[in-house]
Amino acid sequence: MKSDGLLIVGEDLCEKLVGRQQAFDAVQAVFGAMAKGGAWNFPVIREALGHADVLYGFKSGFDRDGQVLGLKSGGYWPGNAAKGLTNHQSTVFLFDPDTGRLSALVGGNYLTAVRTAASSAVSIAHLARQDARVLGMVGAGHQSTFQLRAAAEQRDFEKVIAWNPHPDMLPRLAAVATEVGLEFEAVSQQELGAQADVIITITSAFEPLLMKDWIKPGTHLACMGTDTKGKQEVDADLVAAATVFTDEVAQSVTIGEAQHAINLGALTEDAIAPIGAVINGDHPGRTSDDQITLFDGTGVGLQDLAVASVAARLAEEADLAQRATL
Ligand code: NAD
């Protein structure tokens, strides 16, 4: 971002300007840059404030290839829902990498959902079998509909099957499946594993929801909910049996889905490949139809910066952003 003055790009504008394809392209490009060493994330800060049960933090990084520098600041305010606000709140700050001047302030709530969905979609595009027809969804919260829409575009899916620990939340997924022209069925966890060719997990679980023996050969899993120490969505034996890919290996082994298999000694760090290596053609990705592939999507700051910089660029080009000077 090299505009004159500060651009302010609000949530509504982000929704209007950044669609799934732009998010996919931006996230795919930055994963590729990360794997080549052309972009890197800085250590994440995440703190319990000791106030209103708030978790607050920063994710930041520099994409030297794309010339994007900045941070996402935000966190989780559990009391917000009662005030009519989203519990997760975030804002992206972009800086001119040549001068350090603040170049854009971009709303981060919608972009977080769209960049997270883009991440699993990129993994499906590169790792799922081409003949995948059944999409399995585990999770039915805020992120799940974004995940479903982005995934649905990656293969010729015919059907969505879903399971959620709170079944009353499933109708929102059913509605989106119908909207994108896919049949929908609520199933048991075992049935989901037996039928699905691609599975997305996007829950706040702290215990495995899918066991290794339920998953059929050739499945691709995108595990997107585990982004903190202690969280877990699938059996550690399943992770150990799969060929594991991730956005960032350092996060995968500490706060991602792979943390449990690593802690048990069932998986080693060097067996986990960055998805960017597949994107760059430096890793073959899936090598057989029977292989289980698993993408550990932990969520990195560079994803946020990538989509925020798209929002700022498009807003500037269309002369839609508010402008300010500091
Ligand atoms: P949400 O609160 O809207 O929905 C939560 C989902 O988890 C629902 O499906 C709910 O039924 C389920 N759930 C809640 N408590 C559970 C429990 N104890 N055990 C099992 N399942 C439980 O949340 P959301 O915004 O949809 O986010 C879902 C998850 O994705 C969160 O854990 C969030 O931290 C994570 N997330 C990850 C990334 C990333 O980049 N990897 C980005 C955003 C969110």
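Every chain is numbered on its own, with residues counted from 1 as its sequence reads. Given that the model is predicted, a residue must reach a pLDDT of at least 70 before its local features are reported, and side-chain atom pairs must reach 80 or more before they are shown or counted; all residues, however, enter totals for whole chains, interfaces and linings. Excluded from the side-chain calculation are hydrogens and water; included are all heavy atoms of the structure.

Q: How would you summarise the overall build of the protein if you had to cite specific residues and measurements?
A: Secondary structure elements are defined from DSSP: runs of H or I of at least 4 residues count as helices, runs of E of at least 2 residues count as strands, and each element is numbered from the N terminus. Across its full length, the protein carries 11 helices and 18 strands. In this description the radius of gyration comes from C-alpha coordinates, and the expected globular size is given by 2.2 Å times residues to the power 0.38. Compactness check: the protein gives a C-alpha radius of gyration of 19 Å against a globular reference of 20 Å for 326 residues, within 12% of the reference. Taking all 326 residues of the protein together, the buried fraction comes to 54%. Here a residue-residue contact requires only that any non-hydrogen atoms of the pair lie within 4.5 Å. Long-range contacts, defined as pairs at least 24 residues apart, comprise 70% of the intrachain contacts of the protein with a sequence gap of at least 6. Per-residue accessibility takes into account occlusion by the displayed protein chains alone, with areas from the Shrake-Rupley method and a 1.4 Å probe. Roughly 13,900 Å² of accessible area belongs to the protein as shown, and the carbon and sulfur atoms make up 51% of that amount. In this tally, Lys and Arg are treated as positive and Asp and Glu as negative; His is ignored, and so are the chain termini. Charge placement uses NZ in Lys and CZ in Arg. For Asp and Glu, CG and CD serve respectively. Here the protein contributes 24 positively and 40 negatively charged side chains, and the mean placements of these two sets differ by 3 Å. Here's how the labels work: a residue is buried when its accessible area is under 20% of the maximum for its type, exposed when over 50%, partly exposed in between, all with a 1.4 Å probe on protein chains only.

Q: Describe in detail the packing of aromatic side chains, supporting the description with residues and values.
A: A pair of Phe, Tyr and Trp rings is counted when the ring centres sit within 6.5 Å of each other, with Trp represented by its six-membered ring. The angle between the planes then sorts it: under 30 degrees is stacked, over 60 is edge-to-face, the rest tilted. Scanning the model with the defined rule gives four aromatic pairs in all. For the ring pair Tyr 56 and Phe 58, a centre distance of 5.5 Å and an interplane angle of 70° mean the geometry is edge-to-face. Linked through ring pairs, Tyr 56, Phe 58 and Trp 77 together constitute an aromatic cluster.

Q: Go over helix α5 (residues 170-179), please, and point to the residues and values.
A: Every buried residue of α5 is listed here: Leu 170, Leu 173, Ala 174, Val 176 and Ala 177. Buried residues of α5 fall within an arc of 165° about the axis and therefore sit on the same side. Facing away from the buried side of α5 by over 90 degrees, the exposed positions are Pro 171, Thr 178 and Glu 179. Contacts made by the buried residues of α5 are with β8 (134-138), α4 (142-152), β9 (159-163) and β10 (183-186). Just downstream of α5, Gly 181 is the residue with a positive phi angle, here 85°. Regarding the arc, it is the one traced by the directions from the helix axis to the C-beta atoms.

Q: Give me the domain arrangement of the protein: which residues, what numbers.
A: Note that the domain bounds reflect an automated or database-derived domain assignment. The domain architecture assigned to the protein consists of domain 1 (6-112 + 302-324) and domain 2 (127-299). Its C-alpha centre places domain 1 at a distance of 24 Å from the equivalent point of domain 2. Each partner contributes residues to the interface: domain 1 has 14 residues there, and domain 2 has 18 residues. As used here, buried area is the combined drop in accessible area, with a 1.4 Å probe, of two parts when they are placed together. Area buried by domain 1 at its contact with domain 2 is led by Arg 20, Phe 31 and Ala 35, which between them contribute 38% of it.

Q: Before we move on, can you summarise the confidence of the model for the protein with the specific residues and values?
A: For residues with low pLDDT, the predicted coordinates do not support detailed interpretation. Values of pLDDT, the confidence the predictor places in each residue, fall between 0 and 100. For the protein, per-residue confidence averages 96 on the pLDDT scale, and residues scoring 70 or more make up 99% of the total. Element-level mean pLDDT values for the protein span from 92 in strand β3 (residues 45-48) up to 99 in strand β11 (residues 198-201). This complex was scored by the predictor with a pTM of 0.97 and an ipTM of 0.99.

Q: Go over the packing of helix α2 (residues 20-36) against helix α11 (residues 301-317) with me, naming the residues and quoting the values.
A: Axis lines are fitted to C-alpha atoms, over the contacting stretch for helices. Their N-to-C directions set the angle, which ranges from 0 to 180 degrees. Interhelical geometry of α2 versus α11 gives an angle of 135° and a closest axis separation of 9 Å. Put simply, α2 runs oblique to α11. Relative to α11, the crossing made by α2 is right-handed. Along its contact with α2, which presents Gln 22, Ala 23, Ala 26, Val 27, Val 30, Phe 31 and Met 34, the element α11 presents Leu 302, Gln 303, Ala 306, Val 307, Val 310 and Leu 314. By definition in this entry, angles of less than 35 degrees are roughly parallel, angles greater than 145 are roughly antiparallel, angles of 65 to 115 are roughly perpendicular, and the rest are oblique. It is the rotation of the near helix from the far one that decides the hand of a crossing: anticlockwise by less than a right angle makes it left-handed, clockwise makes it right-handed.

Q: Help me get a handle on the pairing of β11, residues and values and all.
A: Here β11 shows two buried faces, one formed by Val 198 and Ile 200 and the other by Ile 199 and Thr 201. Taken together, the four bridges between β8 and β11 define a ladder with parallel strand orientation. Across the sheet, the residue bridging to Gly 136 is Ile 199, located in β11. Two strands pair when backbone bridges link them, and β11 and strand β13 (residues 220-223) are joined in this way by four bridges, in the parallel orientation. Of the residues in β13, the one forming a bridge with Thr 201 is Cys 223. Any two strands between which DSSP finds at least two bridges are classified as paired.

Q: Outline the side chain of Lys 231, listing residues and values.
A: Relative to the helices and strands, Lys 231 resides in the loop between β13 and β14 (232-234). On the basis of relative accessibility, which here comes to 13%, the residue Lys 231 falls in the buried class. The residues touching Lys 231, leaving out its near neighbours within four places in the chain, are Ser 204, Ala 205, Phe 206, Gly 225, Thr 226, Gln 259 and His 260.

Q: Run through the site of the ligand, naming residues and quoting values.
A: Arg 115, His 142, Asn 164, His 166 and Lys 231 are the nearest of the 22 residues found near the ligand. A distance of 3.1 Å is found between an oxygen atom of the ligand and a backbone nitrogen or oxygen belonging to Thr 203. Within the contact set of the ligand, an oxygen atom lies 3.4 Å away from a backbone nitrogen or oxygen of Gly 225. Burial of the ligand by the protein amounts to 79% of the accessible area it has alone, namely 860 Å². Among the elements of the structure, α3 (109-127) and α4 are those that each provide at least two residues to the shell around the ligand. If even one non-hydrogen atom of a residue comes within 4 Å of a molecule or strand, that residue is called near it. N or O atoms closer than or at 3.5 Å make up a polar contact, with two conditions inside protein: a donor-capable atom paired with an acceptor-capable one, and, for residues adjacent in sequence, both atoms drawn from side chains.

Q: If you had to explain the pattern of salt bridges to someone new, which residues and values would you point to?
A: It is possible for side chains of opposite charge to pair when their charged atoms get near one another. We define a salt bridge as a contact between a side-chain nitrogen of Lys or Arg and a carboxyl oxygen of Asp or Glu at a distance within 4 Å. One pass over the full model with this rule turns up 12 salt bridges. In this structure, Arg 20 engages Glu 153 in a salt bridge whose closest nitrogen and oxygen atoms are separated by 2.9 Å. Note that Arg 20 is positioned in helix α2 and Glu 153 in the loop between α4 and β9, a separation of 133 residues in sequence. By relative accessible area, Arg 20 is classed as partly exposed at 36%. On the basis of relative accessible area, Glu 153 is assigned to the partly exposed category, the value being 47%. Arg 129 is the partner of Asp 131 in a salt bridge, and the nearest nitrogen-oxygen pair spans 2.7 Å.

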